[in-house]
Amino acid sequence: MKLSANFVSPHRSPRNGFSLVELVLSLAVLLIITTIAIPVVVRSLQSYQLNSTASQLAGMLKFAKFDAIRQNTPVSCQIAQQGGNWLVWVDSNGNTIADQAEPQMYIGGRLTLPPESSVPNPAPIKTSLGVAASSYAWTVLSGSIGSITYDQRGVIGCVGNVTCNTSVVYVLYVGSPTDPNSGYRAVLTVPSGAVQVWSSSSAGDWHRIS
């Protein structure tokens, strides 16, 4: 018997595309994967923002330290509040004004410089530094206007106040007032002028990251 040239296989041609059921199932799987991935991506972004802000803040302190050594004169890192934001700058010329040529950074939006009452207990940091044993005074500058001064040796110094205490650990916290679960960072400078960055979840598990 001779077959007709118009014979069509009963099997579906790939050119027919997806059926409606297959399309719905594919979209359902995509939706599930997206739902699972979004919180992970958001949390990773929040962690990146925290680390980036803390790193920049630590960089400002280090710049003030090395600028003091370079100029052979005391230089301070100033912290001031501007509305709902915080302005941090290196006061290279000592006029307590954020001049255009001086390094500056803004902290605002989702992140802020919270007071110690709004962050997890920093006891692990104090224990590590010996603060708990009264070796150093613990001074928190976040949440208030203040400054950190480095002398010409690059260590914590005093300017115009011979009775000031140079055995001080200055602390600046970074965190979100609306989302404590995103975690916190602590940027601190010890009397020697060294700068450290610590990290913690809302549970208070502080550990040094740099």
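Further up the page is the structure itself.
Residues numbered from 1 in each chain as written. Predicted model: local features only at pLDDT ≥ 70, side-chain atom pairs only at ≥ 80, totals over all residues. Heavy atoms only, no water.

## A few points about the overall build of the chain
Helix and strand content of the chain: 2 helices and 9 strands. For the chain, the sequential pattern of α-helices and β-strands runs α-β-β-β-α-β-β-β-β-β-β. When contacts within the chain are restricted to residue pairs at least 6 apart in sequence, long-range pairs at least 24 apart make up 56% of them. Accessible area of the chain: about 12200 Å², with a carbon and sulfur share of 58%. (Helix = DSSP H or I, 4+ residues; strand = E, 2+ residues; numbered from the N terminus. Contact = heavy atoms within 4.5 Å. Areas by Shrake-Rupley, 256 points an atom, 1.4 Å probe, with all protein chains shown as cover.)

## Re the packing of aromatic side chains
Within this structure, the stated rule accounts for 1 aromatic pair. Relative to Trp 206, the ring of Tyr 173 lies with its centre 6.0 Å away and its plane at 45°, an arrangement referred to as tilted. Of this pair, Tyr 173 sits in strand E6 (residues 168–175) while Trp 206 sits in the loop between strand E8 (195–200) and strand E9 (207–208); the two residues are 33 residues apart in sequence, bridging distant segments of the chain. Of the two residues, Tyr 173 and Trp 206, neither departs from the other in class, the shared state being buried. (Phe/Tyr/Trp six-rings, centres within 6.5 Å; stacked < 30°, edge-to-face > 60°. Buried < 20%, exposed > 50% of the residue type's maximum accessible area, 1.4 Å probe, protein only.)

## Here's the deal with the nonpolar core
The biggest cluster of nonpolar side chains holds 29 residues, and the ones touching the most others in it are Leu 57, Val 88, Ile 107, Leu 113, Tyr 150 and Val 187. Put simply, the parts of the chain that give this core at least two residues each are helix H1 (20–71), strand E1 (75–82), strand E2 (85–91), strand E3 (104–107), strand E5 (146–150), E6 and E8. Counting residues in each nonpolar core, the second largest holds 14 residues, with Ile 125, Leu 129, Tyr 184 and Trp 198 among its members. (Core = buried A, V, L, I, M, F, W, Y, C linked by side-chain atoms within 4.5 Å.)

## A closer look at the sheet that holds E2
The antiparallel open sheet is built from 4 strands, whose spatial order is E3-E2-E1-E5. Edge positions in the open sheet fall to E3 and E5, since each of these has one partner strand only. Going from strand to strand, the sheet's axes swing by 15° on average, the running direction of each strand aside. Examined bridge by bridge, E1 and E2 share 7 bridges and lie antiparallel to one another. Each residue of the ladder has a partner; that of Ala 80, found in E2, is Leu 87. (Pairing = 2+ DSSP bridges. Axes fitted to C-alpha atoms, helices over the stretch in contact; angles between N-to-C directions.)

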